[in-house]
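# Per-entry structural report
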Amino acid sequence: MSILERIHLSIIREVDRQGSLTAAASRLNLTQSALSHSIAKLEKQIGIAVWHREGRSLRPTQAGEWLLAVANRLLPQLTHAEERLQQFAKGERGNLRIGMECHPCYQWLLKIVAPYLDTWPKVDVDVRQKVQFGGIGALFGYDIDMLVTPDPLFKPGLRFEPVFDYEQVLVVGPDHRLRDAEFVEARQVADEVLITYPVPTDRLDIYTRFLMPAGINPKRHKEIETTDIMLLMVSHGRGVAALPRWMVEEFGGRFGVSPVRLGPDGVDKQIFLGFREADADIDYLRAFVDMALAHRDAAAARL
């Protein structure tokens, strides 16, 4: 008979999340006495406490911390497995949960998702943008099945495939002095208001690959979440922006903005699709990667 059961892991995780036995019991639809009895029985069987009781508060022991780490790792996987089995039982193929780790990637993703939904009608697609800058953990934790990112972090158990090449550029308005420049030097941005998505500067290529190596900072850094508002601000002379060239060429025409190369060699980037190696042979996941590659090749052929 197994000593450690799923309910034990669920209790330990919920107590950590909710901060009390009462709140955890309510979340798990248990009475507080049933919850306490379950953990007390486990502690007796394993011969060690999982919590230190300090008044009404609980502090995990070393064993409790270890069990909490196990719970955070295994419970999402069990939930994922149950969802997959339910989908099979209903005649569905599955659910492809895609996490986004960059703002511009969303516009690119739409070009792939639309034909994918037509090709795989029995696969649901769920796009999650709240995993920004926590995508690797979301993959390992089975919160998502695929990560769209321009900055892959290669780790054992994960695979990343480049599916789209693009160039990061400076975006300037119709009356800007750099509008017709072949390229811009870092020092020429020192007097500008630089508009970017709300991303830490250590993850912005215009900083890490263009401004910082030259020891330059813009006059002011302004963050805007929406691409249209960003382009509107640039078109009215309220600053310059950093965006992929393809976005400027596709959406910038109605704002009268122009792309300018960052430095004589430009700043080249790629979009990657990351997924767990264990899932590499799932047909509908592989099909999404293949469709992204086909879109890339078709776009390159048109150039």
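The structure we're discussing is the one just above.
What comes next concerns the included structure.

What counts and how
- Residues numbered from 1 in each chain as written.
- Predicted model: local features only at pLDDT ≥ 70, side-chain atom pairs only at ≥ 80, totals over all residues.
- Heavy atoms only, no water.
- Helix = DSSP H or I, 4+ residues; strand = E, 2+ residues; numbered from the N terminus.
- Buried < 20%, exposed > 50% of the residue type's maximum accessible area, 1.4 Å probe, protein only.
- Polar contact = N/O pair within 3.5 Å; in protein donor to acceptor, adjacent residues only side chain to side chain.
- Contact = heavy atoms within 4.5 Å.
- Patch = residues over 30% accessible without salt bridge, like charges linked within 9 Å, V, L, I, M, F, W, Y side chains within 5 Å.
- Areas by Shrake-Rupley, 256 points an atom, 1.4 Å probe, with all protein chains shown as cover.
- Salt bridge = Lys/Arg side-chain N within 4 Å of Asp/Glu carboxyl O.
- Phe/Tyr/Trp six-rings, centres within 6.5 Å; stacked < 30°, edge-to-face > 60°.

## Quick word on the side chain of Gln-188
Looking at the secondary structure, you find Gln-188 in the loop between β7 (183–184) and β8 (193–196). Look at Gln-188 and you get buried, because its relative accessible area is 19%. Separated by 2.7 Å, the side chain of Gln-188 and the backbone nitrogen of Glu-185 make a polar contact. Once residues within four sequence positions are removed from consideration, Gln-188 is found in contact with Arg-177, Leu-178 and Phe-183.

## Here we look at a nonpolar patch on the surface
Residues Ile-3, Ile-46 and Ile-48 make up a contiguous nonpolar surface patch of roughly 230 Å² in combined accessible area. For Ile-48, the location among the structural elements is in the loop between α3 (32–46) and β1 (51–54). With a relative accessible area of 43%, Ile-48 lands in the partly exposed category.

## Quick look at the packing of aromatic side chains
For the coordinates displayed, the defined rule picks out seven aromatic pairs. Aromatic side chains Phe-164 and Trp-246 sit 5.9 Å apart centroid to centroid with 90 degrees between the ring planes, which places their arrangement in the edge-to-face category. Placement of Phe-164 in strand β6 (residues 158–172) and of Trp-246 in helix α9 (residues 245–251) is noted, with a sequence separation of 82 residues between them. Each of the two residues, Phe-164 as well as Trp-246, counts as buried.

## Quick look at unusual backbone geometry
One non-glycine residue with positive phi stands out, namely Asn-29, at about 60 degrees. Counting through the fold element by element, Asn-29 comes out in the loop between α2 (21–27) and α3. At Tyr-142, a position not held by glycine, the phi torsion is positive, near 65 degrees.

## A look at the pattern of salt bridges
Oppositely charged side chains can pair when the atoms bearing their charge come close. One pass over the structure, following the stated rule, counts 18 salt bridges. Of the charged contacts in the structure, one is a salt bridge between Arg-6 and Glu-82, with a shortest N-O distance of 2.3 Å. With Arg-6 in helix α1 (residues 6–18) and Glu-82 in helix α4 (residues 62–89), the pair connects residues that are 76 residues apart, well separated along the chain. For Arg-6, a relative accessible area of 33% gives the class partly exposed. A salt bridge links Glu-192 to Arg-177, with the nearest nitrogen and oxygen atoms 3.0 Å apart. A residue pair is termed long-range when its members are at least 10 positions apart, and Glu-192 in the loop between β7 and β8 and Arg-177 in the loop between β6 and β7 qualify at 15 residues. Judged by relative accessible area, which is 54%, Arg-177 ranks as exposed. What emerges from the salt-bridge pattern is a single network uniting Arg-97, Asp-145, Arg-276 and Asp-279.

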